[in-house]
Amino acid sequence: MGANTSQVSDLSENQSLRTLIGTVSISDNDPFWNQLISFTFISPTSSGNSKLLEEAVIPLAKILIENNPRTGNFGALVRIFLGRTKELKISTECQDQLFIWQAHNTLFMIRCLLKVFIREMTEEELHLQFSYRERVLGSCDTGSEVLLEELMCNLVHLVVEVPLLDITYSILFEAVTTMLVLLSYQLFHKEILRDGLIYQYLMKGRCLSLTSQLVKTLLYNIIRQEKCPPPATHIFEQQSDRRGLLYGLASGVASGLWSVFALGGAGSKPGLEQEQNPLPLSNQSLLLLLVLANLTDGPNNCPNPYRQAVTCFKNTQDMSSVPTEQHHMFQINFNSLYTALCEQQRSDQATLILYTLLHQNTNMRTYMLSRTDMENLVMPILKVLYHVEDRNSHHVYMALIILLILTEEDTFNRSIHEVVLKNITWYSERSLTEISLGSLLILVVIRTIQFNMTRTRDKYLHTNCLAALANMSAQFRCLHQYAAQRIISLFALLSKKHNKILEQATQSLRGLRRADYLSAHPCPSPILLYHSIPRLVLS
């Protein structure tokens, strides 16, 4: 990257980068570092451009992997970043935009390199890359053995302590994304990683004390849904000679490096929403929260502290005493969280966090079921099921299981028939000018059943849809005539299929009995039958 780089094609020829990955060691106090991290780079805003960036970084990172045991330059780059994070909070309070910009650039470089390192080497080999110093080939400095843990802890502190402002948006996004990159080792292993260094640092190391604060901060990032600062803002005036340290902060840096590390849901179908995400920090915070909450428990039944934090947090308006035996407890505004969850059900990761909270956090489930505006939560879920052909199977399953959890409560099943909706424009089979939420739910579930019977033929999807209808059936009230008609049509269709299957089963059973009879009473030979005919006729 370096001071004068502004596009991906320049990376391989950039002199500062060639020096970093070269064979010459660079001390931590060398002025070179200020030149290296004072670069302008127009950030990729689409997955295609992000892939181009990755492809440009791979050959450079591989050269660094080869030379780093001799130079220790990667460890020096990490130490430069760690030295700056110690003053990052003060710099934010003082509006020191230059300091924050350079810290962001340093972390961006580390993250791009780490993504290639993790793909190319084991955790033990990665740990060595952090430990190499400018000594003889292959030597390690014992004082740097905790450099990887130091980086993890600094990233957590950065996310928790630095306030979210326009000038800090990009570096907070980089911190969250770098943590996701470090946790991506599991993607390259079939077995569950319980003994990895990064796993141990998060579950048992110094990061453990910040568990509840980290989870709370990530949730508030999801709640706030802050958009990227406008990319047209120039934080620094560009130098006229285009050579100084303040070579000009290009608009791309202010916009944040949105989608270099794309972690969409498995099987997600591409679209404009994923191609250019207007809420990158919120989206990455959501992904990191899901990864942390779904880390496996440690050996000897040591529970995942991040899952504990996700499953036991309480409402800020809850004045009851907090049980001391519950670890990593904190409080958050349930109303704000509920509103954010209702607004973000367009992606499978947002639906997954909603399912996680409904299924595992009893405080949140109780609060959601007590809401009088359940249509704000149910309608986005119904839209996911209605557009089943445009969604991946994981998203559809999660949406359906959320309905299954909700319909287990009689209060929910009664209340949805009291909510009247008007002009449901996205339901195209029939014009619905006025219909209850319960009737609409029935229509969408029945439509999903019929789609499954004719297209996907997934028995689990079929079973869960019928289970949701069965849960609601005892509380059916004032159904819309179209909903009642669809119920009768579904019953007729299922009855027809049931009778057909029953008839096939009966015929198969008769065939089996006939086969058993013939095996027990074998037919006589044709000669014996021929000689017995006269006797049978005469008798």
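Cut-offs applied
Residues numbered from 1 in each chain as written. Predicted model: local features only at pLDDT ≥ 70, side-chain atom pairs only at ≥ 80, totals over all residues. Heavy atoms only, no water. Helix = DSSP H or I, 4+ residues; strand = E, 2+ residues; numbered from the N terminus. Contact = heavy atoms within 4.5 Å. Areas by Shrake-Rupley, 256 points an atom, 1.4 Å probe, with all protein chains shown as cover. Salt bridge = Lys/Arg side-chain N within 4 Å of Asp/Glu carboxyl O. Buried < 20%, exposed > 50% of the residue type's maximum accessible area, 1.4 Å probe, protein only. Phe/Tyr/Trp six-rings, centres within 6.5 Å; stacked < 30°, edge-to-face > 60°. Lys NZ or Arg CZ within 6 Å of the ring centre and 35° of its normal. Core = buried A, V, L, I, M, F, W, Y, C linked by side-chain atoms within 4.5 Å. Axes fitted to C-alpha atoms, helices over the stretch in contact; angles between N-to-C directions. Left-handed = near helix turned anticlockwise from the far one by under 90°. Nonpolar A, V, L, I, M, F, W, Y, C, P; charged D, E, K, R; others polar. Polar contact = N/O pair within 3.5 Å; in protein donor to acceptor, adjacent residues only side chain to side chain. Expected span 1.5 Å × (residues − 1). Arc of directions from axis to C-beta. Patch = residues over 30% accessible without salt bridge, like charges linked within 9 Å, V, L, I, M, F, W, Y side chains within 5 Å. Lys, Arg positive; Asp, Glu negative; His and termini not counted. Charge placed at Lys NZ, Arg CZ, Asp CG, Glu CD. pLDDT = per-residue confidence, 0-100. Parallel < 35°, antiparallel > 145°, perpendicular 65-115°, else oblique.

Caption draft 1: Seen up close, the overall build of the protein. Summing up its helical and strand segments, the protein has 25 helices and 4 strands in all. Of all intrachain contacts in the protein linking residues separated by at least 6 positions in sequence, the fraction that spans at least 24 positions is 72%. For the protein, the exposed surface amounts to about 26300 Å²; the carbon and sulfur share of it is 54%.

Caption draft 2: Main features of unusual backbone geometry. Here Gln 95, not a glycine, exhibits a phi torsion of approximately 60 degrees, which is positive. Positionally, Gln 95 belongs in the loop between α5 (88–93) and α6 (97–120).

Caption draft 3: Summary view of the pattern of salt bridges. Under the definition given, this model contains 9 salt bridges. For Arg 206, the salt bridge identified is with Glu 150, shortest N-O distance 2.8 Å. Here Arg 206 is found in the loop between α10 (197–203) and α11 (211–224), whereas its partner Glu 150 is found in helix α8 (residues 147–161), with 56 residues between them in sequence. As a salt-bridge pair, Arg 224 and Glu 226 come within 3.3 Å of each other at their nearest N and O atoms. With a relative accessible area of 32%, Glu 226 lands in the partly exposed category. Here the salt bridges share partners, and the residues they tie into one network are Glu 54, Lys 115 and Arg 119.

Caption draft 4: The arrangement of the packing of aromatic side chains in detail. Per the counting criterion, the structure on display carries 10 aromatic pairs. Each ring, one from Phe 32 and one from Trp 33, has its centre 5.4 Å from the other, and the planes form 65 degrees; the classification is edge-to-face. An identical accessibility class is assigned to Phe 32 and Trp 33; each is buried. Between Tyr 338 and Tyr 367, the ring centres sit 6.3 Å apart and the planes meet at 80 degrees, which makes this aromatic pair edge-to-face. Here the residue Tyr 338 occupies a position in helix α16 (residues 334–343), and Tyr 367 occupies one in helix α18 (residues 362–370), the gap between them amounting to 29 residues. Taken together, the aromatic side chains of Phe 313, Phe 330, Phe 334, Tyr 338 and Tyr 367 make up a single cluster linked through ring pairs. Sitting over the face of the ring of Phe 99, Arg 84 holds its NZ or CZ atom 5.2 Å from the ring centroid.

Caption draft 5: Expanded view of the nonpolar core. Counting 151 residues, the largest nonpolar core has Leu 114 and Leu 440 as the members making the most contacts within it. Sorting elements by how many residues they give to this core places α6 first, with 13 residues. Setting aside chain neighbours within four positions, we find Leu 440 in contact with Met 379, Leu 382, Leu 421, Ile 424, Trp 426, Tyr 427, Leu 432 and Ile 435.

Caption draft 6: Structural view of the packing of α11 against helix α14 (residues 280–293). With their axes 8 Å apart at the nearest point, α11 and α14 run at an angle of 145 degrees to one another. Crossing geometry of α11 relative to α14 is assigned as left-handed. The residues of α14 that touch α11, namely those facing Leu 214, Val 215, Leu 218, Leu 219, Asn 221 and Ile 222, are Leu 281, Ser 282, Ser 285, Leu 286, Leu 288, Leu 289 and Leu 292. Residue classes in the contact of α11 with α14 are distributed as 10 nonpolar, 3 polar and no charged.

Caption draft 7: Geometry of the side chain of Thr 448. With respect to the helices, strands and loops of the structure, Thr 448 is situated in helix α22 (residues 437–456). We classify Thr 448 as buried; its relative accessible area is 2%. Polar side-chain contacts of Thr 448 include one of 2.8 Å to the backbone oxygen of Val 444. Contact partners of Thr 448, with chain neighbours within four places excluded, come to Leu 385, Leu 461 and Cys 465.

Caption draft 8: Representation of α22. In this model, α22 (20 residues) spans 27 Å end to end at C-alpha, consistent with the 28 Å of a helix rising 1.5 Å per residue. One or two residues past the end of α22 sits Arg 457, with phi positive at roughly 55 degrees.

Caption draft 9: Inspection of α18 at higher detail. What α18 keeps buried is the set Met 364, Tyr 367 and Met 368. The buried residues of α18 occupy one face: seen down the axis, they fall within an arc of 100 degrees. Exposed side of α18, more than 90 degrees from the buried face: Thr 366 and Ser 370 are the residues found there. Its buried side turned inward, α18 meets β1 (314–315), α16, α17 (348–360) and α19 (375–386).

Caption draft 10: Broad picture of a positive patch on the surface. Together, Arg 457, Lys 496, Lys 497 and Lys 500 give the surface a local cluster of positive charge. Along the polypeptide, Lys 500 turns up in helix α24 (residues 481–520). Owing to a relative accessible area of 52%, Lys 500 belongs among the exposed residues under this scheme.

Caption draft 11: Inspection of the confidence of the model for the protein at higher detail. Summary statistics for the protein give a mean pLDDT of 81 and a share of 80% for residues scoring 70 or more. Mean pLDDT across the secondary structure elements of the protein bottoms out at helix α12 (residues 251–255), with 30, and peaks at α11, with 95. Long-range and interchain partners of residues 232–275, a stretch whose pLDDT sits below 50, account for 102 contacts in this model, where long-range means more than four residues apart. Here residues 528–539 is modelled with pLDDT under 50, and outside its nearest four sequence neighbours on either side it reaches 1 contact, counting other chains as well.

Caption draft 12: How the structure looks around the side chain of Gln 349. Tracing the sequence through the fold places Gln 349 in helix α17. Among the polar contacts listed, one links the side chain of Gln 349 to the side chain of Asn 283, at a separation of 2.8 Å.

Caption draft 13: Structural context of the packing of helix α3 (residues 47–71) against α6. Between α3 and α6, whose axes approach to 9 Å, the crossing angle comes to 75 degrees. When the axis of α3 is compared with that of α6, the two are roughly perpendicular. Across the interface between the two elements, Leu 53, Glu 54, Val 57, Ile 58, Ala 61, Lys 62, Leu 64 and Ile 65 of α3 pack against Phe 108, Cys 112, Leu 113, Lys 115, Val 116, Phe 117, Arg 119 and Glu 120 of α6. The class makeup of the residues in the contact of α3 with α6 is 11 nonpolar, no polar and 5 charged.

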